[in-house]
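Below are the chains, spelled out letter by letter.
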Amino acid sequence: MSTLTIRGMGKSYGGVAALREADLTVHSGSVHALLGENGAGKSTLIKVVSGAVAPDHGTIHLDGRPMAFSSTAQAAQHGVAVVSQELNLFPDLDVLSNLYPMRELKRGPFRDRPAMLAKAEPVLAQLGLDVDPRRLVGDLSLAQQQLVEIAKALITDPRVLILDEPTSALEQASASRLLDILRVLREREVAVVFVSHILEEVLTLCDEITVLRDGRTVLDGVPRADLDLPQIVAAMLGPREGNGAKADEVAELVPPPSAADPDRVLELDGVEVPGRLHDITLSARPGEIVGIAGLFGSGHTTVLEVFAGLRRPSAGTVTLPGGRPWQNGLKRAIQAGVALVSGDRRRIGLMLDKPLWENVAQVRSVALSRDGVLVHKNVLRRRASELVSRLHIRAASVDIRCDLLSGGNQQKVVLAKWLAAQPSALLLDDPTRGVDIGGKAEIHALLRAAARTDTIVLLCSTDLEELTELCDRVLVLHRGRLCATLHRPDIDQHTLLQAMNTGAID
Ligand SMILES: Nc1ncnc2c1ncn2[C@@H]1O[C@H](COP(=O)(O)OP(=O)(O)OP(=O)(O)O)[C@@H](O)[C@H]1O
Ligand SMILES: [Mg+2]
C-alpha cells in the first residue's frame, strides 16, 4: 500500500511564513480532504510536494523512502500527479499537446499523434470534455481548461493524485462527474488529495481530513466519520475575535446612496446576440439582488457581458444606469457606473504583476476621471488598506504583487477593487469562486448591503446555494431564452436545476 508522508514542512517568503509546521499523511485507496481558510498554506504545501517550490525544512516520504522532487515532471515520474489551482496550460498549443507537456509519446524520433490520441480520448470522454483535441487551449472556456488540466494529470495513471480546487470553475454536472472518477480511482488504490472550499462536496466524498491553519496542521488525517461540519469549520477558523465584517462596518464600506443617477436601472428590451441570446427582456433595480442562472452556453453570462460593453447586441435596446445607452467597451461601462466582477480573475480580474493597492485603485481612477478629479497615490493606498482589513484579505502589505496572493485572496482583491469604485451597478460572475467559508459570508453581507444602499446587483453563479441564499429573484436562461423567473421564497435548488436543464418548471 503506498503512502505519502509529509512531516514538519516549512516555507517562508521574505519573512512571511506560508507554512510553519505542516504534516500530511495520505494512504492509497483513500480520498483525503486538505482544508483551510484562504491563505492557510494548502497550495504551498502542494507545491512543495510536487517539487514546484523548495521548502525551508521538512521531509517527504513516499512508501517509506525519502523523496525530494525538483520539478513536477520528476514528481510525475514517481507517480505523483498534481492539478494545480491556477491553471498551468499553454494557451497557444492545442489540447493534445497540453496533455503531454514535455512527455510526448514518440515513435522513433517522431511524435506519435495516434498513440497520444488513443490514450487521451477515453480520459476526455470520462470527464465529459467534448472538444476537438486540435483546438487551441486559449480558445476554450475556463471550465474546459480546468478539465484539460485534470485530464493531463489522469493521463499519467498516478499513484498519488493531488487536486487543488479542481471543481471551483466547474458546473455541477462536470463536478459530479469528476467526483465519480475519484471514487473509481479510490477503488483502484490511488491515493487522492482533494482541496476545495465547497465543503459539502468534500464531505460526501472524503475518507480522511487534514486541516491547515496559518501554515500548521491542526487536524491530522482524522477519519471523516469522527467529525461533523461545525468541528471542521472551527478547526479551520480557530479561536479568534472579530471574525467577519460586522454589519455596520459593511454598511460603511458600501457607498451611500447618491443623487447622481436618480434613474438607477439596468434594462434589456428585446435583446438579440446572434447564437447566444434571443429576445431577452429584463430589468434590475436597487433594493434587490437579481440572479441569472443557466447551464454553460445558456447565455446567462452573456447578459453580464452585454451590460459590461463586452458584447454588442444585434437588436433590441440596452439601458444603463442614468438612462445611458449601450456603448462599446468595458471602460465606457465603468464610466457609466457598471462594474463587472469576474470569477476568471487571472484573465480579466487582475493585473497580476502589479501591487495589490494599484489593483484596487485601478478602476477607481477610471471611475473618478469621469468627474475630472485626479486622486493622490497615498489616498488610494490608504483606501486599499482599509478594504484589505475589512475583507480580511491575507496579504503581507498592500505593496505585495497580486500573483503572490493565495487564490481566494486574489478573488477578494477583485471584489475590493470594484467596491472601491463605488459603482451604480455590480455585475457578478461567480464572485466567490475559491473563497473560503468565512470570506464568502463577508462577501454575501457586502452584496446585501450594496443592494440595500442603492446599488443594482446582478449575480451569475455556478453555486446554486449562493443563488438560493442571496437572490430575491432569479431569472433562468435556457439555450439563450428566458425560460423562468423564480421569486423568493420560492427559489430552491431543485426547481432551479429543473429549469436550467429542461427550460421549464412544472
Ligand atoms: N511566492 C510567494 N511570495 C510571497 N508570498 C506567497 C507566495 N506564495 C504564497 N504566498 C503566501 O503564502 C500564504 C499561503 O498561500 P497559499 O496559496 O498556500 O494559501 P491557500 O491555503 O492555498 O489559500 P487559497 O484557499 O486562497 O487558495 C499566503 O499568505 C500567500 O500570500
Ligand atoms: Mg490555494
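Only a predicted model underlies this, so the values are computations on that prediction, with no experimental measurement involved.

Before going further, it helps to spend a moment on the overall build of the protein chain. Regarding its fold elements, the protein chain presents 18 helices and 22 strands. Seen through its principal axes, the protein chain has C-alpha atoms that stretch 70 × 50 × 45 Å. Here the protein chain, with 506 residues, has 55% of them falling under the buried criterion. Taking all contacts inside the protein chain whose residues are at least 6 apart in sequence as the whole, residues at least 24 apart take part in 68%. Summing over all exposed atoms, the protein chain offers an accessible surface of approximately 21,500 Å²; the carbon and sulfur share of this is 50%. Charged side chains of the protein chain number 56 positive and 62 negative; the gap between the two group centres comes to 5 Å.

Bringing the pairing of strand 20 (residues 456-460) into the picture now. Within strand 20, 5 of the 5 residues are buried, which leaves it mostly tucked inside the rest of the structure. Residue alternation in strand 20 divides its side chains into two sets, Ile456, Leu458 and Cys460 and Val457 and Leu459, and both sets are buried. Note that strand 15 (residues 289-293) and strand 20 share 4 bridges and pair parallel. Of the residues in strand 20, the one forming a bridge with Gly291 is Leu459. As defined by bridge partners, strand 19 (residues 425-429) adjoins strand 20 across 5 bridges and the pair is classed as parallel. From the neighbouring strand, Asp429 faces strand 20, where its bridge partner is Cys460. Read from strand 19 through helix 16 (residues 437-452) to strand 20, the crossover connection turns out right-handed.

In terms of domains, the protein chain is made up of domain 1 (3-237) and domain 2 (247-255 + 266-502). Of the residues lining the interface, 23 residues belong to domain 1; the matching set on domain 2 comes to 23 residues. Summed over the three residues of domain 1 that lose the most area to domain 2, namely Asn38, Glu86 and Glu171, the buried surface amounts to 31% of that side. One salt bridge in this structure joins Glu37 and Arg394, with 3.5 Å as the shortest N-O distance. Counting the contacts that link domain 1 with domain 2 gives 5 residue pairs in polar contact (both at pLDDT 80 or more). For the side of domain 1 that touches domain 2, the secondary structure elements donating two or more residues are helix 5 (142-154), helix 7 (199-205) and helix 8 (229-237).

Further remarks concern the layout of surface pockets. Considering only enclosed or pocket space, the second largest pocket measures out at about 1,300 Å³ in volume. Lining of the second largest pocket is provided by 43 residues; of these, Ser141, Leu142, Phe296, Gly297 and Thr301 occupy positions nearest its centre. The set of elements that each furnish at least two residues to the lining of the second largest pocket consists of helix 5, helix 6 (172-187), helix 10 (300-307), strand 18 (338-342), helix 12 (345-349) and helix 18 (493-502). At 5 residues, helix 10 tops the list of elements feeding residues into the lining of the second largest pocket. Classifying every residue of the lining of the second largest pocket gives 14 nonpolar, 17 polar and 12 charged. Each of two domains, domain 1 (3-237) and domain 2 (247-255 + 266-502), supplies a minimum of three residues to the lining of the second largest pocket.

Looking now at the coordination of the magnesium ion (ligand 2). For the magnesium ion (ligand 2), every protein donor is listed as Ser43 (OG) and Gln85 (OE1), and the spread of their distances is 2.0 to 2.1 Å. Residue Ser43 is found in helix 1 (residues 42-50), and its partner Gln85 is found in the loop between strand 6 (80-83) and helix 3 (95-99); the two are separated by 42 residues along the sequence. Assigned by exposure class, Ser43 and Gln85 land together as buried.

A general trend in soluble globular proteins is that nonpolar side chains are found buried together. Counting 54 residues, the largest nonpolar core has Leu35, Leu99, Leu127, Leu161, Leu182 and Ile209 as its most contacted members. With residues near it in sequence (within four places) discarded, Leu161 still touches Ala81, Ala153, Leu154, Leu182, Leu185, Val190, Ala191, Val192 and Val193. The next biggest cluster of nonpolar side chains, apart from the first, holds 48 residues, and it includes Leu387, Ile393, Ala450 and Ala499.

In the region of ligand 1, 19 residues are neighbours, and Gly39, Lys42, Thr44, Ser406 and Gly408 sit closest. Taking Ala40, its main chain carries an N or O atom lying 3.2 Å from an oxygen atom of ligand 1. Gly41 is positioned such that a nitrogen or oxygen atom in its backbone is 2.9 Å from an oxygen atom of ligand 1. Burial of ligand 1 by the protein chains amounts to 89% of its free accessible area of 640 Å². Secondary structure elements with two or more residues in the shell around ligand 1: helix 1 and helix 15 (407-420). Of the residues assigned to the shell around ligand 1, the class counts are 5 nonpolar, 11 polar and 3 charged. Residues from two domains meet in the shell around ligand 1; each of domain 1 (3-237) and domain 2 (247-255 + 266-502) gives at least three.

Quick notes on the rules
- Numbering of residues starts from 1 in each chain and follows the order in which that chain's sequence is written.
- Going through the entries in the order they are written, you letter the chains from A and number the ligands from 1.
- Local features in this predicted model are restricted to residues of pLDDT 70 or higher, and side-chain atom pairs are both shown and tallied only at a pLDDT of 80 or more, whereas totals for entire chains, interfaces and linings draw on every residue.
- The side-chain quantities take in all heavy atoms of the structure and omit both hydrogens and water.
- The numbering of helices and of strands both runs from the N terminus, where a helix is a DSSP run of H or I of at least 4 residues and a strand a run of E of at least 2.
- Burial here depends on accessible area, computed with a 1.4 Å probe over protein chains only, as a share of the maximum for the residue type. Under 20% is buried, over 50% is exposed, and the range in between is partly exposed.
- Two residues qualify as a contact provided that any one of their heavy atoms is within 4.5 Å of a heavy atom in the partner residue.
- Calculation of accessible area relied on Shrake-Rupley with a 1.4 Å probe; when residues are assessed, cover is drawn exclusively from the protein chains displayed.
- Under the counting rule used here, the positive set is Lys and Arg, the negative set is Asp and Glu, and His together with the chain ends is not counted.
- Here the site of a charge means atom NZ of a Lys, CZ of an Arg, CG of an Asp or CD of a Glu.
- At least two DSSP bridges between two strands are needed for those strands to be called paired.
- Seen with its strands pointing away from the viewer, a crossover is right-handed if its path from the first strand over the helix to the second goes clockwise.
- The source of the domain bounds is an automatic or database domain assignment.
- Accessible area that two parts lose when put together, with a 1.4 Å probe and added across both, is what the buried area reports.
- What makes a salt bridge here is a side-chain nitrogen of Lys or Arg within 4 Å of a carboxyl oxygen of Asp or Glu, nothing more.
- In protein, a polar contact requires one atom able to donate a hydrogen and another able to accept it; more generally it is a pair of N or O atoms within 3.5 Å, and residues adjacent in sequence count only if both atoms are side-chain atoms.
- For cavity detection a 1 Å grid was placed over the protein atoms alone, and a set of points counts as a cavity when a 1.4 Å probe fits there but cannot get out; an open set counts as a pocket when protein lies on both sides within 12 Å along at least five of seven lines, with lining residues being those that have an atom within 4 Å of a point.
- Grid points are joined across faces, edges and corners, and a volume is the space filled by probe spheres set on the points.
- The nonpolar class holds Ala, Val, Leu, Ile, Met, Phe, Trp, Tyr, Cys and Pro. Asp, Glu, Lys and Arg form the charged class, and all remaining residues, Gly among them, are polar.
- Atoms are scored as donors when they are N, O or S and lie within 2.8 Å of the metal, with 3.2 Å used for Na, K and Ca; no water is included, so coordination may look incomplete.
- We call a set of buried residues a nonpolar core when its members are Ala, Val, Leu, Ile, Met, Phe, Trp, Tyr or Cys and they connect through side-chain atoms within 4.5 Å of each other.
- Definition of nearness: a residue and a molecule or strand are near each other if at least one heavy atom of the residue lies within 4 Å of the molecule or strand.

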